Amino acid sequence: MRLKKDTPVERIWNGIYIENPVFCLILGMCPTLATTTSALNGVGMGVSTMIILMLAEFIISLIRGIIPDRMRMPAYIVVIASFVTIVDFLMEGFTPALYDSLGIYIPLIVVNCIIMGRAEAYAGKMKPVSALFDGLGMGLGFTIALFLLGSVREIIGAGTWFGIKVTPASYVPVNIFVLAPGAFLVLGFLVAVMNKLKIGAGRRPGVDPTQGNMCGDCANCMKLGMCGGKTECIAAEATGKEEV
Amino acid sequence: MEIIMIAIAACLINNVVLSQFLGICAFLGVSQKSESASGMGMAVTFVLTLASLVCGVIYRFLLVPFHVEYLKTIAFILIVAALVQFVEMFTKKFMPSLYEALGIYLPLITTNCAVLGVALLNVQNEYDILTGTVHGFATAIGFWLAIVILSFIREKMVYNDVPGPFKGFPIVMITSALMSIAFFGFAALK
């Protein structure tokens, strides 16, 4: 599927499938693993990240001309942290149950690699509307990944889906899937399935942070150049060559 | 006594990586060789302890008196970023040997969510400054332990024949799952 670059549809498709932040770029692992104990929590986290991502990318793109190049990192951090604080308040007020179950991971959206990575790689260079849709696409991709992971864990681990019982009464839930090890296990298998599909379709597998020379903290160290080029930049190379 | 329990809980029972999922990026990225894993662990210990202390002090003596607790997320992330820069400059100038050991890992820590996470947890659990700093230190030791164990396993795993789609990231995830199950054993310490 070949689409015109930087159009809204292309950006959304790019975020959901071509450069899915979780399955292809392996970004934002902390919330992905931590908040997917149920499908609802996964979607809640995904949607709040998506809103922050869209707003932050839009604003950063608007002010990209007036930020001095050397000050862009702290400026991005302040923009992102402000939106995170606003969303934190809104969730505390309007969705208290979700707020309690996501807990500390809402303020931690500030350090989500996806947001910083997109701010640097896309919003800092592109027009506001493209940046907004890039945020929407990436956010949807993230939400879908969290929804999948949360659904698998909830159905196997608790026998329910969005809190409704879906398995037969004879099924004994495998509790460990909603606990910490289940997160690692399910994500490992889902990425393996994605890799299998890609190898089958003749495309190279996505970025693999575990194969980096030093750091897999791709968005942070590699694209932001914070390591001053002291480490090998595998992820940036791989995304650059990824055929669209 | 309570402070020792908090330290043991932070280090082993609620291990920062294997049960709280903080600092996963560094955990995956710097675990290929045991030397670099150990270097990263050391750098995280250094920064996390210092950051817990500084964030604790600023929260207690600046944010609380002015009733702007809601600014904690913005304040903490800026403190961590500035602190890392400062530590880098300081060690470069005055402790070159320490800089040699930690240097390349320091800039990666700014956005390591474990650092911000612990600072926020200290506020959430209402720890005082001493308890918060000990909590930060113990958390970092837990991170160090987890990343070094993973790097040892991965050094052995190089010789194994892993099926194609599982190569790299997926097999590391499954290894982490098994480590996480093993760490459940520490729950009995409570």
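Residues numbered from 1 in each chain as written. Chains lettered and ligands numbered in written order. Predicted model: local features only at pLDDT ≥ 70, side-chain atom pairs only at ≥ 80, totals over all residues. Heavy atoms only, no water.

Colleague: Account for the overall build of chain A, with residues named and values stated.
Modeller: Assigned secondary structure in chain A consists of 10 helices and 2 strands. Going residue by residue from the N terminus, the α and β elements of chain A occur as α-α-α-α-α-α-α-β-β-α-α-α. The 244 residues of chain A split such that 55% are buried. Here the analysis covers contacts within chain A between residues at least 6 apart in sequence; of these, 69% occur between residues at least 24 apart. Accessible area for chain A stands at about 10200 Å²; split by element, carbon and sulfur atoms hold 70% of it. (Helix = DSSP H or I, 4+ residues; strand = E, 2+ residues; numbered from the N terminus. Buried < 20%, exposed > 50% of the residue type's maximum accessible area, 1.4 Å probe, protein only. Contact = heavy atoms within 4.5 Å. Areas by Shrake-Rupley, 256 points an atom, 1.4 Å probe, with all protein chains shown as cover.)

Colleague: Any chance you could break down the pattern of salt bridges for me, citing the residues and the numbers?
Modeller: Residue and element names in this part refer to chain A. Under the counting rule described, the total for this entry stands at 6 salt bridges over all chains. Notably, a salt bridge pairs Glu10 with Arg11, separated by 3.1 Å at the nearest N-O pair. Residues Asp134 and Arg118 are paired through a salt bridge, measuring 3.0 Å at the closest nitrogen-oxygen approach. Of this pair, Asp134 sits in helix H7 (residues 128-158) while Arg118 sits in helix H6 (residues 113-123), placing them 16 residues apart in sequence. Residue classification places Asp134 among the buried positions, given a relative accessible area of 0%. Here the salt bridges share partners, and the residues they tie into one network are Glu10, Arg11, Glu19, Arg118 and Asp134. (Salt bridge = Lys/Arg side-chain N within 4 Å of Asp/Glu carboxyl O.)

Colleague: Break down the side chain of Thr143 of chain A for me, with residues and values.
Modeller: Residue and element names in this part refer to chain A. Note that Thr143 resides in helix H7. A relative accessible area of 10% means that Thr143 is categorised as buried. Among the polar contacts made by the side chain of Thr143, one reaches the main-chain carbonyl oxygen of Gly46 at a distance of 3.3 Å. When neighbours within four sequence positions are excluded, Thr143 is seen to be in contact with Val43, Gly46, Val47 and Met50. (Polar contact = N/O pair within 3.5 Å; in protein donor to acceptor, adjacent residues only side chain to side chain.)

Colleague: If you had to explain the interface of chain A and chain B to someone new, which residues and values would you point to?
Modeller: Contacts between the two partners involve 47 residues from chain A, matched on the other side by 49 residues from chain B. Of the roughly 4300 Å² buried between chain A and chain B on both sides combined, carbon and sulfur atoms contribute 77%. Counting the contacts that link chain A with chain B gives 2 residue pairs in polar contact (both at pLDDT 80 or more). Where the side of chain A that touches chain B is concerned, the elements lending two or more residues are helix H2 (29-34), helix H4 (72-94), helix H8 (180-200) and helix H9 (218-223) of chain A. Looking at the side of chain A that touches chain B, the element that brings in the most residues is H8 of chain A, giving 12 residues. (Buried area = accessible area lost by both parts, 1.4 Å probe.)

Colleague: Residue-level account of a nonpolar patch on the surface, with values.
Modeller: On the surface, Val174, Ile176 and Leu179 of chain A together with Leu178, Ile181 and Phe184 of chain B cluster together into a nonpolar patch covering about 470 Å² of accessible area. Within the element layout of this structure, Ile181 of chain B appears in helix H9 (residues 169-184). (Patch = residues over 30% accessible without salt bridge, like charges linked within 9 Å, V, L, I, M, F, W, Y side chains within 5 Å.)

Colleague: Run through the packing of H4 of chain A against helix H4 (residues 72-94) of chain B, naming residues and quoting values.
Modeller: Where H4 of chain A contacts H4 of chain B, the two axes come as close as 9 Å, and the packing angle between them is 150 degrees. In terms of their interaxial angle, H4 of chain A and H4 of chain B are classed as roughly antiparallel. Crossing handedness for the pair H4 of chain A and H4 of chain B: right-handed. Here H4 of chain A contributes Ile77, Val78, Ala81, Ser82 and Thr85 of chain A to the contact with H4 of chain B, which in turn contributes Thr73, Ile74, Ile77 and Leu78 of chain B. Looking at the contact of H4 of chain A with H4 of chain B residue by residue, the classes come out as 6 nonpolar, 3 polar and no charged. (Axes fitted to C-alpha atoms, helices over the stretch in contact; angles between N-to-C directions. Parallel < 35°, antiparallel > 145°, perpendicular 65-115°, else oblique. Left-handed = near helix turned anticlockwise from the far one by under 90°. Nonpolar A, V, L, I, M, F, W, Y, C, P; charged D, E, K, R; others polar.)

Colleague: A description of the nonpolar core should follow, citing residues and the corresponding values.
Modeller: With 117 residues, the main nonpolar core has Leu108 and Leu187 of chain A together with Ile24, Phe27, Met40, Phe76 and Phe143 of chain B as its most contacted residues. Setting aside residues no more than four positions away along its own chain, Leu187 of chain A makes contact with Val22, Phe23, Met29, Thr32, Leu33 and Leu149 of chain A together with Phe169 and Met173 of chain B. (Core = buried A, V, L, I, M, F, W, Y, C linked by side-chain atoms within 4.5 Å.)

Colleague: Explain the packing of aromatic side chains to me, and be specific about the residues and the numbers.
Modeller: Taken as a whole and judged by the stated rule, the model has 11 aromatic pairs over all chains. When the ring of Phe183 of chain B is compared with that of Phe186 of chain B, the centres are 5.3 Å apart and the planes differ by 65 degrees; the resulting orientation is edge-to-face. Counting every residue linked through ring pairs, the aromatic cluster contains Phe147, Trp161 and Phe162 of chain A. (Phe/Tyr/Trp six-rings, centres within 6.5 Å; stacked < 30°, edge-to-face > 60°.)

Colleague: Describe the confidence of the model for chain B, listing the residues and the values that go with them.
Modeller: Residues at a pLDDT of 70 or more form 97% of chain B, whose mean pLDDT is 87. Here helix H6 (residues 106-109) of chain B stands out as the element of chain B with the lowest mean pLDDT, 72, in contrast to helix H8 (residues 129-157) of chain B, whose mean of 93 is the highest. (pLDDT = per-residue confidence, 0-100.)

Colleague: How would you explain the environment of His135 of chain B if you had to name every residue and give the values?
Modeller: Positionally, His135 of chain B belongs in helix H8. Once residues within four sequence positions are removed from consideration, His135 of chain B is found in contact with Ile6, Ala10, Val118, Leu121, Asn122 and Tyr127 of chain B.

Colleague: Could you give me a rundown of H4 of chain A, with the residues and numbers involved?
Modeller: Between its first and last C-alpha atoms H4 of chain A spans 33 Å; for 23 residues at 1.5 Å apiece the expected length is 33 Å, and the two agree. Taken residue by residue, H4 of chain A has Met73, Tyr76, Ile77, Val79, Ile80, Ala81, Phe83, Val84, Thr85, Val87, Asp88 and Met91 of chain A as its buried positions. (Expected span 1.5 Å × (residues − 1).)

Colleague: Give me the environment of Ala177 of chain B: which residues, what numbers.
Modeller: Position of Ala177 of chain B relative to the elements: it lies in helix H9. In the structure, Ala177 of chain B is positioned 159 residues away from Leu18 of chain B in sequence and 7.9 Å away in space, judged by C-alpha atoms. For Ala177 of chain B, the contacting residues outside a window of four places in its chain are Pro181, Phe184 and Leu185 of chain A.

Colleague: Could you give an account of unusual backbone geometry, naming the residues involved and the relevant values?
Modeller: Of all residues except glycine, most have a negative phi; of all peptide bonds, most are trans. All names here are of chain B. In this structure, Phe21 is a non-glycine residue whose phi angle is positive, near 60 degrees. As for its placement among the helices and strands, Phe21 is situated in the loop between helix H1 (2-13) and helix H2 (24-29). In this structure Phe21 comes out as buried when scored by relative accessible area, which is 5%. The backbone phi angle of Glu126 is positive, close to 55 degrees, even though this residue is not glycine. Examined against the element boundaries, Glu126 turns out to sit in the loop between helix H7 (113-124) and H8. You can call Glu126 exposed: its relative accessible area is 71%.

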